[in-house]
Amino acid sequence: MTQPRTVPSSPLTVAAVQATPTPGDVAGNAVMAADLVRRAGQRGARVAVLPELFLCAYHPPVLAADPAGTDVAADPAGIVADPRLDPLRVAAREAGVTALVGAAVRHPDGRRTIAALVVDRTGDVRVGYDKQQLWGDERELFTPGERGATLLVDDWRLGLGICYDGCFPEHGRAAALDGAHAYLCPSGYLAGSEHRRDLYYAARALDNTMFVVFANAVGGVDPWRFNGGAAIYDPEGRVLARGADDGTAVLVATLDPAVLAATRAAHSMLVDRLADQGGPRLSMPG
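Every value quoted in this text rests on a predicted model; they were computed, and no experiment measured them. (Residues numbered from 1 in each chain as written. Predicted model: local features only at pLDDT ≥ 70, side-chain atom pairs only at ≥ 80, totals over all residues. Heavy atoms only, no water.)

Considerations on the nonpolar core
To keep it simple, the criterion reads: Take the buried Ala, Val, Leu, Ile, Met, Phe, Trp, Tyr and Cys residues and link them wherever side-chain atoms come within 4.5 Å; each set so joined is a nonpolar core. Burial status follows relative accessibility: with a 1.4 Å probe on protein chains alone, a residue under 20% of its type maximum counts as buried, one over 50% as exposed, and anything between as partly exposed. For this analysis, residues touch if any pair of their heavy atoms sits within 4.5 Å.
Formed by 87 residues in total, the largest nonpolar core has its most connected members in Leu50, Leu117, Leu158 and Leu184. In this structure, leucine 158 is in contact with Leu12, Val47, Ala149, Thr150, Leu151, Val153, Ala182 and Leu184, ignoring residues within four places of it in sequence.

Side note on the layout of surface pockets
Sizing a probe to match a water molecule and rolling it over the atoms shows the empty space that remains. What counts here: Think of a 1 Å grid over the protein atoms and nothing else: a 1.4 Å probe that fits but is trapped marks a cavity, an open set flanked by protein within 12 Å on at least five of seven lines marks a pocket, and residues with an atom within 4 Å of a point count as lining. Grid points are joined across faces, edges and corners, and a volume is the space filled by probe spheres set on the points. When residues are sorted by character, Ala, Val, Leu, Ile, Met, Phe, Trp, Tyr, Cys and Pro go into the nonpolar class, Asp, Glu, Lys and Arg into the charged class, and all the rest, Gly among them, into the polar class.
For the largest pocket, the calculated volume is near 290 Å³. Forming the walls of the largest pocket are 15 residues, and the residues nearest its centre are His107, Arg111, Val127, Asp130 and Arg147. Broken down by class, the residue content of the lining of the largest pocket amounts to six nonpolar, four polar and five charged.

Looking at the pattern of salt bridges
Quick reminder of the rule: A side-chain nitrogen of Lys or Arg and a carboxyl oxygen of Asp or Glu constitute a salt bridge if their distance falls within 4 Å. Helix numbering and strand numbering both begin at the N terminus, where a helix is a DSSP run of H or I of at least 4 residues and a strand a DSSP run of E of at least 2.
All told, the structure shown has 18 salt bridges when counted by the stated rule. Here glutamate 94 makes a salt bridge to arginine 38, at a shortest N to O gap of 3.1 Å. You can see glutamate 94 sitting in helix H4 (residues 86-95) and its partner arginine 38 sitting in helix H1 (residues 26-42), a full 56 residues away along the chain. Between aspartate 82 and arginine 84 there is a salt bridge whose closest N-O contact spans 2.7 Å. Relative accessible area serves as the criterion here: at 13%, aspartate 82 is assigned to the buried category. Several salt bridges converge on common partners, so that one network encompasses Arg197, Asp198, Arg242 and Asp245.

Let's talk about the packing of H1 against H4
This is how it is decided: Only the stretch in contact is used when a helix axis is fitted, and all axes are lines through C-alpha atoms; the angle between N-to-C directions ranges over 0 to 180 degrees. Angle categories: roughly parallel below 35 degrees, roughly antiparallel above 145, roughly perpendicular from 65 to 115, and oblique for all the rest.
Orientation of H1 relative to H4, taken along the N-to-C sense of each, is 10 degrees, at an axis distance of 8 Å. In terms of axis orientation, H1 runs roughly parallel to H4. Across the interface between the two elements, Ala30, Val31, Ala33, Ala34, Val37, Arg38 and Gly41 from H1 touch Pro87, Leu88, Val90, Ala91, Ala92, Glu94 and Ala95 from H4. Residues that form the contact of H1 with H4 fall into these classes: eleven nonpolar, one polar and two charged.

With respect to H4
A turn of α-helix holds 3.6 residues, and therefore any two residues three or four places apart point the same way. How we decide: Here the arc refers to the directions that run from the helix axis out to each C-beta atom.
For H4, the complete set of buried residues consists of Leu88, Arg89, Ala91 and Ala92. Buried residues of H4, seen end-on, are gathered within an arc of 165 degrees and therefore sit on one face of the element. Buried-residue contacts for H4 involve H1, strand E4 (98-106), strand E5 (112-119) and strand E6 (125-130).

With respect to helix H8 (residues 257-266)
Note the threshold: Polar contacts, as used here, are pairs of N or O atoms within 3.5 Å; protein pairs need one atom able to donate a hydrogen and one able to accept it. Residues neighboring in sequence count only if both atoms are side-chain atoms.
Taken together, the buried positions of H8 are Pro257, Leu260, Thr263 and Arg264. In a view along the axis of H8, the buried residues occupy a sector of 125 degrees, so they form one face of it. Exposed residues lying more than 90 degrees from the buried face of H8 are Ala265 and Ala266. Buried residues along H8 sit against strand E8 (156-160), helix H7 (194-208), strand E10 (211-221), strand E14 (249-255) and helix H9 (269-272). If you check the start of H8, you find a side-chain oxygen 2.8 Å away from the backbone N of alanine 258, and it comes from aspartate 256.

Digging into the environment of alanine 92
On the secondary structure map, alanine 92 appears in helix H4. Taking the relative accessible area as the measure of exposure, alanine 92 reaches 0% and is therefore buried. Separated by 57 residues in sequence, alanine 92 and aspartate 35 place their C-alpha atoms 9.8 Å apart.

Section: the packing of aromatic side chains
Our working definition: Centre distance within 6.5 Å is the pairing criterion for rings of Phe, Tyr and Trp, where only the six-membered ring of Trp is used; planes under 30 degrees apart are then read as stacked, over 60 as edge-to-face, and the remainder as tilted.
This model, assessed by the stated rule, comprises eight aromatic pairs. Measuring from ring centre to ring centre gives 5.8 Å for tyrosine 189 and phenylalanine 214, while their planes differ by 75 degrees; the resulting arrangement is edge-to-face. Residue tyrosine 189 is located in the loop between strand E9 (182-187) and H7, and its partner phenylalanine 214 is located in strand E10; the two are separated by 25 residues in the primary sequence. Phenylalanine 214 carries the same exposure label as tyrosine 189, and that label is buried. Between tyrosine 201 and phenylalanine 214 the ring centres are 4.6 Å apart and the planes differ by 25 degrees, which places this aromatic pair in the stacked class. Of this pair, tyrosine 201 sits in helix H7 while phenylalanine 214 sits in strand E10, and the two are 13 residues apart along the sequence. Judged by its relative accessible area of 0%, phenylalanine 214 falls in the buried class. Members of the aromatic cluster, each reached through a chain of ring pairs, are Tyr189, Tyr200, Tyr201 and Phe214.

Section: the UniProt feature "domain: CN hydrolase" (unreviewed entry) in the protein chain
Put simply, the test is: UniProt positions are given in the numbering used here, feature names are shortened, and annotations may be inferred rather than shown by experiment.
Taking the UniProt record as the reference, the feature "domain: CN hydrolase" (unreviewed entry) is found at residues 12-257. The span residues 12-257 is 27% helix and 33% strand, and its two end C-alpha atoms sit 8 Å from each other.

Structural data, given as structure tokens:
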């Protein structure tokens, strides 16, 4: 069911983070994440997005060798109570920031997923979304998620995606049809993928006339070296903030509902789209 396309009543300041976690060091990476969340809060952000698998780092050899050490466990309600995340809980609560942080999650039924954890402003941690589109060898380690998710912050609807999800126009469109005003994408793009990194998420913004917040890992050692370039896009796909291809950064921008409304009035693809593309396609000789 398509949600009504309302516009939020007030702006929302967000942060897109790029940083270099240590493979397998969940406790140390949680401390780093806590510092990054505090930095975002000091700059006025109410929402901070950190990279894919940030808590364990995106390093498949370590993830395969030590699943017990690299995963966090969720209960049947999706709550994560791992004490290694306590510094992050405290930071989110004290900074008044809702943080979206990548993690490997072990579910009660045995599934292992690439997840976006939501650390809310009270410090509670829960699984917000499990990545649906697994890339390459991720399929050997993880199970795909089964449904999309939308995070509600104030009166903003924030669709959730993780990295490869954003390569599929249908994924961003599903968020938009659920009424998303913005699309949050923790990611891990490898060095050499800069063209695609900068194209996909700008396209998702323009396709759906919604803001996009793209976080990315940076640094590391080949073949698991990541290229930064975290960015925040406006609803026409223009860059509001972008990080360099190396180095830690906390990028902050304010999402303006007036810009969202004006863009959707001028570019009405969500309203004008056809319910389907008609019957069988016509083929003809040239």
